[in-house]
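# A closer look at the structure
What follows is the residue order along each chain.
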Amino acid sequence: MSRVGWLRGVKKRNASAWLLPRQTTGEVFPVGLVERMRRYDDEDEVDIVVVGCGAGGGVLSQRLARAGWRVVCLEAGPFWDPRHDWVSDEAGSRHLYWTEPRVISGEDPVPLGANNSGRGVGGSMVHFAGYVPRFHPSDFCTVLGRRRRRRLAHLVRRVATVLPGPRGGTAGRGAALAVG
Amino acid sequence: MARGATPGGRGRFGEFDVLGLADTWDDATKGVVLHRLVPPPHLRFFTTTEEADCRVLLDLLLGQDEEPKVPVIEEIDRRLVEAEGDGWHHAEMPPDAAAWRRSLRILREGCERDHGAAFHDLDVDIQMDVVDAVRTSDRFGDLPGRWVWNLWMRYALAAFYQHPWAWNEIGFGGPAYPRGYKNLGVGQLEPWERPDGDPRNPIPWSERLERSKRR
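Given the structure is predicted, the values throughout are model-derived calculations rather than measurements.

Now for the overall build of chain B. When its secondary structure is counted, chain B shows eight helices and three strands. Taken over the C-alpha atoms alone, chain B extends approximately 55 × 40 × 30 Å along its principal axes. Sorting the 215 residues of chain B into buried and exposed places 43% on the buried side. When the accessible area of chain B is evaluated, it comes to approximately 10,900 Å², of which 53% is carbon and sulfur surface.

Structure, rendered in structure tokens:
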């Protein structure tokens, strides 16, 4: 399939991937999308209420809303505006973690909070679940043979089609981790 | 560039001053980082008694022997007052704030029982022994030693390494947004980076420990 045809197919299935501004235009966070988000009154009848707007709830809400459902998604944290709410600093990012008190036990337990949970729209995805680095295309060019690279690139493209995100941006990189 | 401040005036990255890079950070980040240089407020969580031992304990854990010191106890105090925890505590430990109080009480009572003096008044070699026993023992009072050690170090390190003076000491360039990095690779430096001028261990914990064992 030609690249144009392939893109057209993706656009049809997943138009929200094109809601975000292109990285090349220098456009900033699309505040209008948050302001124009559909809201319901307490008395309104809706089709579904999703609790938690993370990787699961966020995608579910988007898919059902796109299919025409009346969707309410409840989220304890804010709808972050990355321009003002996020900083490029580890200690300054603690407010992104879900830090309600939890108890861990055993000899070698996994600590909760910063590692694996998040607060606000996006859930733990706002910090890539705490451990996912952003890969670059070049990361796949140095160690892989040509055949493996081709197969991996194909997989990345397939997974990227279902993830919203700036075109050619983070979506493909996140997807690459899923297959790698 | 003026020489950057480092904990204890110790450093091995020459004149490196991360604050000279502040204009390469976005405004939100710059605000958060520069606020750490504001003189800290009075303690609100630790009592005067707890503070005396805790200051000495934290200085020992972090090797902060001389001024200027990163205000570590103040940051821990702020986190405990504002309940800014990590989101978990171990089943054998109380929640963090209570665990800090109880571990400091065990430290105080243990020193009075075993050495007839307060922890902060003891000879530094004895303090080293006392603290290292927490790291290596099963129990510290009625608490598990390793989780007390985990609590102390977790809060101490987070408070120490969020401070630009600690970044100067280790040659860390701080926030990378929106500046980024361009020279990735072993031995490659960014234009603002300084080479490591002294490969020796700056905090000879193990040497000090060995010395106190030989005593």
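All names here are of chain A. On the surface, a cluster of negative charge is made up of Asp-41, Asp-42, Glu-43 and Asp-44. Locating Glu-43 in the fold gives a position in the loop between helix 2 (31-35) and strand 1 (48-51). Take Glu-43: its relative accessible area is 69%, and that puts it in the exposed class.

The next thing to look at is the side chain of Ser117(A). All names here are of chain A. Among the structural elements, Ser-117 can be located in the loop between strand 3 (103-104) and helix 5 (146-160). Of the polar contacts made by the side chain of Ser-117, one reaches the backbone oxygen of Trp-98; its length is 3.5 Å. A polar contact is formed between the side chain of Ser-117 and the side chain of Arg-102, at a distance of 3.3 Å. When sequence neighbours within four positions are dropped, the list of residues in contact with Ser-117 reads Leu-96, Tyr-97, Trp-98, Arg-102, Ser-124 and His-127.

With that out of the way, let us pick up the interface of chain A and chain B. Listed as interface residues are 23 residues of chain A and, on the opposing side, 25 residues of chain B. In this assembly, chain A packs against chain B so that about 1,600 Å² is buried in total across both faces, 51% of it on carbon and sulfur atoms. Salt-bridge contacts for Glu107(A) lead to Arg146(B); the nearest nitrogen and oxygen are separated by 3.6 Å. Counting every contact that joins chain A to chain B gives 11 residue pairs in polar contact (both at pLDDT 80 or more).

This brings us to the packing of helix 2 (residues 48-62) of chain B against helix 3 (residues 72-81) of chain B. Residues and elements named next belong to chain B. The contact between helix 2 and helix 3 brings their axes to 9 Å, and the two run at 115 degrees. Crossing geometry of helix 2 relative to helix 3 is assigned as right-handed. Here Glu-51, Cys-54, Arg-55, Leu-58 and Leu-62 of helix 2 come into contact with helix 3, specifically with Val-72, Ile-73, Glu-74 and Ile-76. Residues belonging to the contact of helix 2 with helix 3 are distributed by class as follows: six nonpolar, no polar and three charged.

Below, the discussion takes up the packing of helix 3 of chain B against helix 6 (residues 145-160) of chain B. Residues and elements named next belong to chain B. Contact pair helix 3 / helix 6: the axes reach a minimum separation of 9 Å and the direction vectors enclose 115 degrees. By the angle class used here, helix 3 and helix 6 are roughly perpendicular. Considering only the axes of helix 3 and helix 6, their crossing is right-handed. In this structure, helix 3 uses Val-72, Glu-75, Ile-76, Arg-79 and Leu-80 to contact helix 6, whose residues at the interface are Tyr-155, Ala-156, Ala-158, Ala-159 and Phe-160. Considered class by class, the residues forming the contact of helix 3 with helix 6 number eight nonpolar, no polar and two charged.

Calculation criteria
- Residues numbered from 1 in each chain as written.
- Chains lettered and ligands numbered in written order.
- Predicted model: local features only at pLDDT ≥ 70, side-chain atom pairs only at ≥ 80, totals over all residues.
- Heavy atoms only, no water.
- Helix = DSSP H or I, 4+ residues; strand = E, 2+ residues; numbered from the N terminus.
- Buried < 20%, exposed > 50% of the residue type's maximum accessible area, 1.4 Å probe, protein only.
- Areas by Shrake-Rupley, 256 points an atom, 1.4 Å probe, with all protein chains shown as cover.
- Patch = residues over 30% accessible without salt bridge, like charges linked within 9 Å, V, L, I, M, F, W, Y side chains within 5 Å.
- Salt bridge = Lys/Arg side-chain N within 4 Å of Asp/Glu carboxyl O.
- Lys, Arg positive; Asp, Glu negative; His and termini not counted.
- Charge placed at Lys NZ, Arg CZ, Asp CG, Glu CD.
- Polar contact = N/O pair within 3.5 Å; in protein donor to acceptor, adjacent residues only side chain to side chain.
- Contact = heavy atoms within 4.5 Å.
- Buried area = accessible area lost by both parts, 1.4 Å probe.
- Axes fitted to C-alpha atoms, helices over the stretch in contact; angles between N-to-C directions.
- Left-handed = near helix turned anticlockwise from the far one by under 90°.
- Nonpolar A, V, L, I, M, F, W, Y, C, P; charged D, E, K, R; others polar.
- Parallel < 35°, antiparallel > 145°, perpendicular 65-115°, else oblique.

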